[in-house]
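# Geometric and topological summary
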Amino acid sequence: MPRMSDLFVSAGLETGAPRPLADRLRPRRLSEVVGQEHLTGPDGALTRLLASRSLGSLVFWGPPGTGKTTVARLLAHETALHFEQISAIFSGIADLRKVFEAARKRRATGQGTLLFVDEIHRFNRAQLDAFLPVMEDGTVTLVGATTENPSFELNAALLSRARVLLFRALDATALARLLARAEEMDGQLLPLDEEARAALIRMADGDGRAALTLAEEVWRSARPGETLDAETLQTLVQRRAPIYDKAQEGHYNLISALHKTVRGSDPDAALYYLCRMLDAGEDRLFIARRLVRMAVEDIGLADPQALVVANAAKDAFDFLGSPEGELALAQVTVYLACAPKSNAVYTAYKAATRVAKAAGSLAPPRTILNAPTGLMKRIGYGEGYRYDHDEPDAFSGQDYWPEALGRQHFYEPTDRGMETRYRERLAYWERLRQERRGED
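Not measured: the values here are computed from a predicted model.

## Considering the overall build of the chain
- Counting its regular elements, the chain contains 22 helices and 5 strands.
- Its C-alpha atoms give the chain a radius of gyration of 32 Å, clearly above 22 Å, the size a compact globule of 440 residues would have.
- Its C-alpha atoms give the chain principal-axis dimensions of about 100 × 60 × 40 Å.
- Split into buried and exposed, the 440 residues of the chain put 41% on the buried side.
- Sequence-distant contacts in the chain: of pairs separated by 6 or more residues, those separated by 24 or more amount to 73%.
- When the accessible surface of the chain is summed, it comes to about 23,900 Å², and 52% of that surface belongs to carbon and sulfur atoms.
- Computed over 56 positive and 60 negative side-chain charges, the separation of the two mean positions in the chain equals 6 Å.

## Topic: the environment of Leu-190
- Here Leu-190 shows up in the loop between helix 11 (172-186) and helix 12 (194-204).
- With relative accessibility at 6%, the residue Leu-190 sits in the buried group.
- C-alpha of Leu-190 to C-alpha of Val-218: the two residues are 28 residues apart in sequence and 7.3 Å apart in space.
- If near-sequence neighbours (up to four positions away) are discounted, Leu-190 is found in contact with Leu-179, Glu-183, Arg-197, Ala-215, Val-218 and Trp-219.

## Here's the deal with the UniProt feature "domain: AAA+ ATPase" (unreviewed entry) in the chain
- Summarizing the sequence annotation, UniProt attributes the feature "domain: AAA+ ATPase" (unreviewed entry) to residues 54-170 in the numbering used throughout.
- Annotated as residues 54-170, this span is 40% helix and 22% strand, and its ends, taken at the C-alpha atoms, are 28 Å apart.

## Quick word on the pairing of strand 1 (residues 58-61)
- Taken together, the 4 bridges between strand 1 and strand 4 (residues 141-146) define a ladder with parallel strand orientation. Counterpart to Trp-61 in the pairing with strand 4 is Thr-146.
- Alignment of strand 1 against strand 5 (residues 163-166), held across 4 bridges, turns out to be parallel. Paired with Phe-60 across the two strands is Leu-165, which belongs to strand 5.

## Notes on the packing of helix 12 against helix 14 (residues 230-237)
- Packing of helix 12 against helix 14 brings their axes to within 8 Å, and their N-to-C directions diverge by 40°. With respect to helix 14, the axis of helix 12 lies oblique. Here Glu-195, Ala-196, Ala-199, Leu-200 and Met-203 of helix 12 lie close against helix 14, whose contacting residues are Ala-230, Leu-233, Gln-234 and Val-237.
- Looking at the contact of helix 12 with helix 14 residue by residue, the classes come out as 7 nonpolar, 1 polar and 1 charged.

## Description of the sheet that holds strand 2 (residues 82-87)
- What the 5 strands build is an open sheet, ordered 2-3-4-1-5; its pairing is parallel. If you trace the sheet from one side to the other, it starts and ends with strand 2 and strand 5, each paired once. Pairwise comparison of adjacent strand axes, ignoring direction, gives a mean angle of 20° for this sheet.
- Where strand 2 lies against strand 3 (residues 113-118), 6 bridges are found, and the strand directions are parallel. The partner of Ile-86 across the bridge, within strand 3, is Val-117.
- Strands strand 1 and strand 5 of the sheet are contacted by helix 4 (residues 45-52), whose axis makes an angle of about 140° with strand 5.

Quick notes on the rules
- Residues numbered from 1 in each chain as written.
- Predicted model: local features only at pLDDT ≥ 70, side-chain atom pairs only at ≥ 80, totals over all residues.
- Heavy atoms only, no water.
- Helix = DSSP H or I, 4+ residues; strand = E, 2+ residues; numbered from the N terminus.
- Rg over C-alpha atoms; globule rule 2.2 N^0.38 Å.
- Buried < 20%, exposed > 50% of the residue type's maximum accessible area, 1.4 Å probe, protein only.
- Contact = heavy atoms within 4.5 Å.
- Areas by Shrake-Rupley, 256 points an atom, 1.4 Å probe, with all protein chains shown as cover.
- Lys, Arg positive; Asp, Glu negative; His and termini not counted.
- Charge placed at Lys NZ, Arg CZ, Asp CG, Glu CD.
- UniProt positions renumbered as here; feature names shortened; annotations may be inferred.
- Pairing = 2+ DSSP bridges.
- Axes fitted to C-alpha atoms, helices over the stretch in contact; angles between N-to-C directions.
- Parallel < 35°, antiparallel > 145°, perpendicular 65-115°, else oblique.
- Nonpolar A, V, L, I, M, F, W, Y, C, P; charged D, E, K, R; others polar.

This is how it looks when you write it as structure tokens:
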């Protein structure tokens, strides 16, 4: 079984070399891992796997700084497997072949290999397929780490051979425990008042490694006997950028949250998610486009002005630019969240689309077709058409549907907002239609 010191040597960090605080605090057993008790606690998933002595290939999915690499090292130690680490950013097929060949030779001598692949989602499909045979025959026990949703980024063949374990962002309690450990190891308290300590934890944004890096910066920056307040802390270490990749899952999670809070008529939550996206540098016009979409999908004719207001906010941002234009986006976000909701048009549109595709190219009744030529008049185009404006109540009640299809019903107004009036009007027209056709 490898010595615990080998865990650090294998990372290229000899025991006498200067090491960052995050590395010096690296846990030496699973029970020391902070913030992942659902995996490493007494009844955790990984604890159960180790007890069964059957690890199997795994995919660790979670934000940066949550212990994925550390846990992989500890699993290798606990199972007496040789720990091999590669990064998908710097490795290709040729590198994988060398790793697999070394693992085969090791296996021939009775030594298994735990292959840890950092950023595994960076591999393309062909590279991911290369893992399948060595996973199946036991040449390697694969542990892949990814910050991206495996369902989208990894192929189904690999996922069917591996168990996905979710690593959670560290909460404030876990980060506080981590800072307490750092203080115990260094034998000194962080020179922060209570508010500044809370601010540092918020700056870490759920990332344990970031929390320890910030702690190191504080110890380096503080003068002897100085205690930093929150404002001074922010000036010294600056604010860490939010974890948010505009091309990846964080982007879609937050826009989804914004959309659903608008739909759920919670203006405060909607403003919060809007500001999260603005703070992270999201494209303002992308947000404006999505707000327009919310106006037509979730409010519709319950408040026809919602679309007007949403478009006006887009135009206002175009005119004002940043940062003044963000207020227009905030205004329309609150307006949409407070507006009466209806997806009746959205639902009707989808239903009409299904019928249009299924029914094929049915001809409209000739009655309502124009007849620009004599031939078309002779064969009945436009014959019997009744001009609605000449009819009582400006309503003829004639049939506009293809004969083979018959009358369909898609739009069902709600009893919210302006749609209440549309519901009454449609019911009135339906009564007139039945009367003028002599229907019961």
